[in-house]
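Structural overview for review
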Amino acid sequence: MIAMIARIRPDIWTVVLLLTLTVIAVLLVWPLAGIFTASLTDNNSGEPTLANYARVLGHPFFQGALINSLIVGAGGMLGAALLGIPLAVLTTRYVIVGRDLLATLAVLALVSPPFIGAYAWIMMLGQNGFLRAPLADIGISLPPIYGFFGILLVFSLKFYPFVFLLTASSLRTINPSVEEAAEGLGAGAWHRFFRVTLPLVFPAVSAGALLTFVLSIADFGTPSIVGGRVRVLATTAYNLFTSEMTGNPGLASATSVLLIVVSLVVVALQRWSVGRRNVAGAMIRRPMPTRLGPIASVVAHAVCYAIVLASSLPSLVVIYTSFRKTSGPVFQPGFGLDSYARILREVPQVISNSAIYSLIAVTLIVILGTLIGYILARRQTIMAGFLDGVLLVPYVVPGVVMGLAFVVTFNVRPLEITGTATIIVLMLFIRRLPYAVRASASILRQIKGSIEEAAVSLGAAPGHAFFKVTLPLMLPGIVAGALMSFITAINELSSSLILYVGRTMTMPVRIYLSVLDGEFGTAAALSTILLVTTGLAIYAVFWVSGRNENAFV
Amino acid sequence: MARVDLQHIGKSYPGLKALDDIDLVVNSGEFFTLLGPSGCGKTTLLRTIAGFNRHDSGQVLIDGRRIDNMPAHRRNIGMVYQDYAIFPHMTVADNIAFGLVTRHRPRREIAERVTRALDLVQLGGHADRMPHELSGGQQQRVALARAMVINPQILLMDEPLSNLDAKLRVELRDDIRDLQRSLGITTIYVTHDQEEALVISDRICVMQSGRVHQIGSPHEVYSRPATLFVASFIGAMNVIPDVPVGTGGTLQFGTGLQLLPALAGRTSVTLAIRPENVILSGRDAADGPAIALEGDVNKVTFAGREAFYRLTCGGTLQILAHVYRPDQRQLEGVGTRLGLAFPLARLHAFDAADGRRIDLAP
C-alpha cells in the first residue's frame, strides 16, 4: 500500500524531535562548525584565510602524513580481509571444532582497545621483546616493530573480526542450491567460489573492509604508541594542537578537516556498497558445514586457531604482565599483585572516573537513543531521514577531531566546560549515541507497526501503547545497544586524551600515559581491568541477544 | 452497531491522489467490502476511518457524529490486521483482555468476557498459550476475539485472510461471516481478492486509483459492472475493444448486423462478455437475439467439472469460452472451427473513451 507519511503532530514525538535537534546542534554541528571555522582562520590575526589549507596540502610534512594515513588504512583493510575472509569461509563451510569459541575470542579482540594491542606487541616483538629472540633462533627475523610493520600488524589482528563476522553471516545466508546449480552447470570448485559465492558475499566483505579502513585512519593510540617515525593525520593533528611550543589550532583544524574528508569518502563508499547489498533470496535450505579429510582438517584448524590466537595474544600478554612482580616500574622474577596494589594506591580515581563517566553517558544514550530510534523506524518524515544521515557523522569523525572540536568550541561562556567531567561525558554521549539509535531502530523494524496500532485501536493512548506494547518488545535490543555503547565508551582513548585534566583522567588515558612512561606493570593492571569489564559486557550481550556475534558489527 | 458516513473524503500524497472525493454510506449492521488492486486506496480509506490517517478534506461520521478530530484510541473501533498484530509478549488471554484493561473494567468482568470471546472464536482452552505456540489461523482468531471483545461500534478488517493458506482462508472466511451476522456488527472489510469479496459481502465498493467505480451487492457488481474496470477486475471477461458502430447504432461485428438504439450516435464501442455466457455451436442454443461469429479452437483446458476453450476469431481476437460439465460430452480438438454466439442479454457495452457502462437493454 501507500507509504504512510505521518504528519508532525504536537505529541511526545515532536518534543523528542526538538530535543534531538537541539542536542545535535549543540554537540555536533556547533563543534564541527567551530573546527571548520578555525581551519579557515589565521591564528594570530583572526582574519579568514586559506593559508592553513595551502600548507596542509602543499607541505611535504603534511602530504607525508596523508599518504601514511592512506597506507595505514589500505594496509589495515587488506590485512583484515586476508585474515577475516579465510576464517569466515573455513568456519561456515567446514566442520571446525570450537567454532563458537573462535567467534567469541574474535569478538573479544575486536572490542578491546587497539592501543592495548599495540603495547602488548611491543612487549612481544620490541627490541627486547620476549618473542623476538626465540623467533630469531628458529630463523624468523622480523622488521622492527616501530613503524608500518607494527601499525599494520595491530590493525590487521584487531579489525579482522569485522570482515570475519560480516562475511560469515553473509555466507550463512547463501542458499546452497545456488552453488549446487553452478556445480550442475559444470563449474569447478574454484570457478564456483570466484564466480558465484564471492560475488554473493562481496557486499558484506566490502562493507567490513571499508569499515576497517575508516577505523584504521581514525585510530590515534596505535600509531602514537607503535608508529615510531610514521606520522599519520590523526597523530599530526593531535601533536599540532597539544605541543606547547608550536601549538597551532589553525593547522590542527585544517588537518582534522582533511581527515574528516578522507573518512567521509570511505564511509560514503561503504554505505554505497551496503546499499547495494542484495536481499537474501528464499532460504529453502540452510548450508550445512561439510567434513574435511584428516589432513585438510588439521590444516583448516591450524589456520583458524592461528589467526584467532594471534589476535588474542595481546590480551593474554597484558593479563600475564599484570600479575608479574614489580618493583617500581621494573619487573622482577615471579608473580604478585604489586601492579594492582599500585594502581589502587596511586590512581584509584581513574577507575571510578571511567566507570562513572561511561555509566552516565550510557544512561543518557539509552534514553535518547531509544526515542530517536523510534522516530527513525516509525516516522518516515523528512526529519527522520535527516536524523538518519546526521547520526552517521559521529561514525565518520575520528575521536581526535571530535576532541579538538569540543576544545575549540566549549571554552567560552555560557558553555565554558573544558576541563570538567561534563565535557568528557558529553563527548562519550555524542560519539556513542548512534550505537543505541541503530540498535533500537533495527529491533523496531522487526516489530510490526500494526502491533502498536492495534493497541491504540483497543483504546490505549499513543504513549501508553508505546510503553505497554512496543517498549517491552524492544528491551533486548535496547540492552544490547546499551552494552555496546558502554564497551566503546569505557575504552575511548583519543578524544578523552584531548579533553582530560588531572582529575578527570580515565583508564585508557592513564594506560596510554603509562605506556609512554614505560610503566608497563601499571598499564597492564589497568588494561586487565578494562578487558575483564569488556569481557563481562560481551558475555551479557550474548546473553540478551541469544549469541549473535553480529551485534558487534 | 453503527452507520458510517464518508463525505467527500480526499487525501493526497506528493504526486499521488490516494483518495479522490470518496462519498459513501455503510449501513448499520452491514458487511461492507472495499475491493480493488493494491494501491487503489482501500487501506488508506480504512485507516482514515480508524483514525490512523488524517484526510485532507471531507468528513467521517459515525451515527451522524463527526469523528475527524477524535484520536484513534477514543473511537471504539475494532481493527483486525493482515499480519494479525498479536502482542507477542502476552498470553492469548492478556491479548484479548488488553482493550478491556485500558477501559478499566473490573477484573471479574474481564475474565468473563475474555472466556466468552475465546469460545466465540472456538479457542476455548487456549487462554494461557503464548502467540508463537499458535498457528496463523489461530492467531487471527485471537485478533478477531480481541477486536470483538470491546464491543466496538465498527469492526475494520484489513486483508485478514491474505496470510493464510487456501483451506484455512475459506474456513475462517465463513466463520467471520457467521460471527458478524450473529453479532450484527457493522463491518468494513478490505481485500484485493474478488472472489472473497463476492462470497462474504452484503455490498462491495470497487475502487481504483483512489476513486470509487461502483458500489453494489455482489450480484450487481458481477452482472451489471458499472465500468470496464469493474467488469475486468471481477471475474473473467472477454473484452472486445473498438468495435465500429454504424449509423443509428448498427453494430458492425460478427455476422448479422445488430441494431442497438442505445449505441446511436457513437462511432465505436467496447464490448464485453463473460466466458460462461459465450455459447458454442452444438451446445445450448441462444434464446433471444445474439451476435454470431466463428472461431478456431487453439487451446482446450480441462479442469474436471469445467473446461475452457480458447478461440481465435477473425485472425486476432481471442475469446475464452467456458464449458460446464465437460465430462458429459466429447471435447472438440485444437484446430476445429466452431460457431460462437454472444446473447445480447448477456453482452456488456462500455464507452470506448471513459469505460462507463452503456445499458443496451432499454
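Nothing here was measured: the structure is a model prediction, and the numbers come from that model. (Residues numbered from 1 in each chain as written. Chains lettered and ligands numbered in written order. Predicted model: local features only at pLDDT ≥ 70, side-chain atom pairs only at ≥ 80, totals over all residues. Heavy atoms only, no water.)

1. A short note on the overall build of chain A
In plain terms, the rule: Secondary structure elements are defined from DSSP: runs of H or I of at least 4 residues count as helices, runs of E of at least 2 residues count as strands, and each element is numbered from the N terminus. In this description the radius of gyration comes from C-alpha coordinates, and the expected globular size is given by 2.2 Å times residues to the power 0.38. Whether two residues are in contact is decided by their heavy atoms: any pair within 4.5 Å suffices. The accessible surface values rely on the Shrake-Rupley method and a 1.4 Å probe; as for residues, cover is taken only from the protein chains in view. Only four residue types enter the tally: Lys and Arg on the positive side, Asp and Glu on the negative side, with His and both chain ends excluded. Taken as the charge location is NZ of Lys, CZ of Arg, CG of Asp or CD of Glu.
Regarding its fold elements, chain A presents 24 helices and two strands. In terms of overall dimensions, chain A is globule-like: its C-alpha atoms have a radius of gyration of 25 Å, near the 24 Å expected for 553 residues. Across its three principal directions, the C-alpha atoms of chain A cover 70 × 65 × 50 Å. By sequence separation, contacts in chain A at least 24 residues apart represent 78% of the contacts at least 6 residues apart. A total of about 23,800 Å² of accessible surface is found on chain A, and carbon and sulfur atoms cover 68% of it. Put simply, chain A has 34 plus and 20 minus side-chain charges, and the middle of one group is 6 Å from the middle of the other.

2. Topic: the overall build of chain B
For clarity, the cut-off: Burial classification: accessible surface area is computed with a 1.4 Å probe over protein chains only, and a residue below 20% of its type maximum counts as buried, one above 50% as exposed, and the rest as partly exposed.
In terms of regular secondary structure, chain B is built from eight helices and 21 strands. When the backbone C-alpha atoms are referred to their principal axes, chain B occupies close to 75 × 50 × 35 Å. Out of the 362 residues in chain B, the part that is buried amounts to 51%. Within chain B, contacts between residues at least 6 apart in sequence are counted, and of these 66% link residues at least 24 apart. Summed over all atoms, the accessible surface of chain B reaches about 16,200 Å², with 49% contributed by carbon and sulfur.

3. Notes on helix α14 (residues 338-346) of chain A
Residue and element names in this part refer to chain A. Rules: Summarising the geometry, the arc corresponds to the directions from the helix axis toward the C-beta atoms.
Turning to α14, its buried residues number three or more, namely S339, Y340, R342 and I343. Projected down its long axis, α14 shows its buried positions confined to an angular sector of 160°, all on one face. With respect to the buried face of α14, the exposed residues turned more than 90 degrees away are L344 and R345.

4. Some points on the domain arrangement of chain A
Residue and element names in this part refer to chain A. Note the threshold: Boundary definitions for the domains trace back to an automatic or database domain assignment. Note on terms: buried area is the combined drop in 1.4 Å-probe accessible area of two parts once they are placed together, counting the loss on both. By definition, a salt bridge exists where a carboxyl oxygen of Asp or Glu is found within 4 Å of a side-chain nitrogen of Lys or Arg.
Segmentation of chain A into domains returns domain 1 (9-34 + 323-553) and domain 2 (67-230 + 261-322). The C-alpha centroid of domain 2 is placed 25 Å from the C-alpha centroid of domain 1. Taken residue by residue, the interface counts 38 residues in domain 1 and 35 residues in domain 2. Of the roughly 3,100 Å² buried between domain 1 and domain 2 on both sides combined, carbon and sulfur atoms contribute 75%. Remark: the boundary between domain 1 and domain 2 carries zero salt bridges.

5. So, the confidence of the model for chain A
Residue and element names in this part refer to chain A. To be explicit about the condition: Confidence scores per residue from the predictor, reported as pLDDT, run from 0 to 100.
For chain A, the average pLDDT comes to 83, and 93% of its residues sit at 70 or higher. When pLDDT is averaged over each element of chain A, helix α3 (residues 60-93) comes out on top at 91 and helix α8 (residues 176-184) at the bottom at 75. Every residue in residues 1-9 scores below 50 in pLDDT, and together they form 25 contacts with partners more than four places removed in sequence or on other chains. Across residues 278-283, confidence stays below pLDDT 50; counting only partners more than four residues off in sequence or on other chains, it has seven contacts.

6. As for unusual backbone geometry
Glycine aside, a negative phi is what most residues show, and trans is what most peptide bonds show. Residue and element names in this part refer to chain B. Despite not being glycine, H8 has its phi angle at roughly 50°, a positive value. Structurally, the position occupied by H8 is in strand β1 (residues 4-13). You will see that E159, though not glycine, has its phi angle at about 45°, which is positive. By the secondary structure assignment, E159 is in the loop between β7 (154-158) and α5 (166-183). Overall, the relative accessible area of 8% leaves E159 in the buried class.

7. Quick look at the interface of chain A and chain B
Here is the rule we go by: In the analysis that follows, any N or O atom pair within 3.5 Å is treated as a polar contact, provided that within protein one partner can donate a hydrogen and the other can accept it, and provided that, for residues neighboring in sequence, both atoms belong to side chains.
Taken together, the contact pairs 24 residues of chain A with 35 residues of chain B. Both faces combined, the contact of chain A with chain B buries some 2,400 Å², and carbon together with sulfur accounts for 68% of it. Between R47 of chain B and E453 of chain A there is a salt bridge; the shortest N-O distance is 2.7 Å. Our enumeration of links across chain A and chain B arrives at seven residue pairs in polar contact (both at pLDDT 80 or more). Examining the composition of the side of chain A that touches chain B, we find that seven residues originate from one element, helix α20 (residues 449-457) of chain A, more than from any other.

8. Brief notes about the packing of helix α7 (residues 148-172) of chain A against helix α9 (residues 189-218) of chain A
Residues and elements named next belong to chain A. For clarity, the cut-off: Interaxial angle, 0 to 180 degrees, is taken between N-to-C directions of lines fitted to C-alpha atoms, where a helix line uses only the stretch in contact. Small angles under 35 degrees read as roughly parallel and large ones over 145 as roughly antiparallel, with 65 to 115 read as roughly perpendicular and the rest as oblique. Throughout, a crossing is termed right-handed when the near helix is turned clockwise from the far one, and left-handed when it is turned anticlockwise from it by less than a right angle. Polar here means any residue other than Ala, Val, Leu, Ile, Met, Phe, Trp, Tyr, Cys and Pro, which are nonpolar, and Asp, Glu, Lys and Arg, which are charged; Gly is therefore polar.
It is at 8 Å that the axes of α7 and α9 come closest, and there the two elements cross at 150°. By the angle between their axes, α7 is roughly antiparallel relative to α9. Judged by the sense of rotation from one axis to the other, the crossing of α7 with α9 is right-handed. Mapping the contact onto sequence places F155, F159, F162, V163, L166, T167, S170 and L171 in α7 and T197, L200, V201, A204, V205, A207, G208, A209, L211, T212, L215 and S216 in α9. For the contact of α7 with α9, the per-class residue count stands at 14 nonpolar, six polar and no charged.

9. Digging into the nonpolar core
For clarity, the cut-off: Definition used in this section: a nonpolar core is a set of buried Ala, Val, Leu, Ile, Met, Phe, Trp, Tyr and Cys residues joined via side-chain atoms within 4.5 Å.
Core analysis: the biggest nonpolar cluster contains 229 residues, and Y119, Y160 and F406 of chain A together with F87, I96, L156 and I188 of chain B have the highest contact counts within it. Each residue touching F87 of chain B, except ones within four places of it in the same chain, is listed here: I451, A454, A455, L458 and V469 of chain A together with N95, F98, P131 and R146 of chain B. Formed by 31 residues, the second largest nonpolar core is a distinct cluster that contains L251, V278, Y309 and L344 of chain B.

10. Some words on a nonpolar patch on the surface
Residue and element names in this part refer to chain A. Keep this limit in mind: Residues forming no salt bridge and having over 30% relative accessible area are the ones grouped into patches, like charges within 9 Å of each other and nonpolar side chains (Val, Leu, Ile, Met, Phe, Trp, Tyr) within 5 Å.
Together, I319, Y320, F323, F335 and L337 make up a nonpolar patch on the protein surface, roughly 500 Å² of accessible area in all. Structurally, L337 is set in the loop between β2 (330-335) and α14. In this structure L337 comes out as exposed when scored by relative accessible area, which is 55%.

11. A closer look at the packing of aromatic side chains
Residue and element names in this part refer to chain B. Condition: Paired rings are identified among Phe, Tyr and Trp, the last through its six-membered ring, by centres lying within 6.5 Å, and are further divided according to the angle between planes into stacked (under 30 degrees), edge-to-face (over 60) and tilted (the rest).
One pass over the structure, following the stated rule, counts 16 aromatic pairs over all chains. Considering the side-chain rings of F31 and Y189, the 5.4 Å spacing of their centres and the 45° angle between planes classify their relative orientation as tilted. Pair noted here: F31 is in strand β3 (residues 31-35) and Y189 is in strand β8 (residues 186-191), with a separation of 158 residues, a long-range link. Exposure remark for F31: the relative accessible area of 0% places this residue in the buried category. According to the relative accessible area criterion, Y189 is buried, its value standing at 0%. Each ring, one from F87 and one from F98, has its centre 4.8 Å from the other, and the planes form 50°; the classification is tilted. Residue F87 is found in the loop between β6 (77-80) and α2 (92-102), and its partner F98 is found in helix α2; the two are separated by eleven residues along the sequence.

12. Considerations on the pattern of salt bridges
Scanning the model with the defined rule gives 23 salt bridges over all chains in all. Put simply, D56 of chain B and K11 of chain B hold a salt bridge, and the shortest N to O gap is 3.9 Å. Placement of the pair is D56 of chain B in the loop between α1 (42-50) and β4 (57-62) and K11 of chain B in strand β1, with a sequence separation of 45 residues. Under the relative-accessibility criterion, K11 of chain B is labelled buried at 6%. Through salt bridges with shared partners, a single ionic network connects R342, E346 and E519 of chain A.

13. Regarding the sheet that holds strand β16 (residues 290-302) of chain B
To keep it simple, the criterion reads: Between any two strands, at least two bridges found by DSSP are needed for them to pair.
Taken together, five strands build an open sheet; the order of strands is β15-β19-β16-β17-β18 (chain B) and the sheet is antiparallel. In this open sheet, the two edge strands, each paired with only one partner strand, are β15 (279-280) and β18 (317-324) of chain B.

14. Some words on the sheet that holds strand β5 (residues 65-66) of chain B
Residues and elements named next belong to chain B. Pairing is antiparallel across the open sheet formed by four strands, whose spatial order is β2-β1-β4-β5. For this open sheet the edge positions go to β2 (16-26) and β5, each flanked by a neighbour on one side alone. Summarising the sheet, β4 and β5 pair through two bridges and their orientation is antiparallel. Across the sheet, residue I62 finds its bridge partner in β5, namely R65. Across the sheet, α1 lies against β1, β2 and β4, angled at about 120° from β1, the strand it touches most.

15. Comments concerning helix α4 (residues 99-111) of chain A
Filter applied, for reference: Helices are assigned an expected span. That span is 1.5 Å times one less than the residue count.
Here α4 of chain A spans 19 Å end to end across 13 residues, near enough to the 18 Å set by a 1.5 Å rise per residue. Those residues of α4 of chain A that sit buried are L102, A103, A106, V107, A109, L110 and V111 of chain A.

16. Quick notes on the pairing of β18 of chain B
When you tally the buried positions in β18 of chain B, you get six out of eight residues, the bulk of the element. The antiparallel pairing of strand β17 (residues 306-313) of chain B with β18 of chain B creates a hairpin that spans three residues between the two strands, and G314 of chain B there sits at a positive phi of about 60°.

17. Looking at the pairing of strand β10 (residues 211-216) of chain B
Residue and element names in this part refer to chain B. Across five bridges, strand β9 (residues 203-208) lies against β10 in antiparallel orientation. Looking across to β10, one finds that Q208 is bridged to R211. With antiparallel pairing between neighbouring strands as the criterion, β9 and β10 make up a hairpin whose turn holds two residues, including S209 at a positive phi of roughly 45°.

18. Quick word on empty space enclosed by the protein
All names here are of chain A. Rule in force here: Think of a 1 Å grid over just the protein atoms. A cavity is a set of points where a 1.4 Å probe fits yet cannot get out, a pocket is an open set with protein on both sides within 12 Å along at least five of seven lines, and lining residues have an atom within 4 Å of a point. Grid points are joined across faces, edges and corners, and a volume is the space filled by probe spheres set on the points.
Taken as a whole and judged by the stated rule, the model has six cavities of 30 Å³ or more. When its volume is computed, the largest cavity comes out at roughly 120 Å³. Taken together, 13 residues make up the lining of the largest cavity; nearest its centre are A109, S112, G117, S311 and P314. Contributions of two or more residues to the lining of the largest cavity are made by α5 (114-125), α7 and α13 (294-322). Sort the elements by how many residues they give to the lining of the largest cavity and α5 lands first, with four residues.

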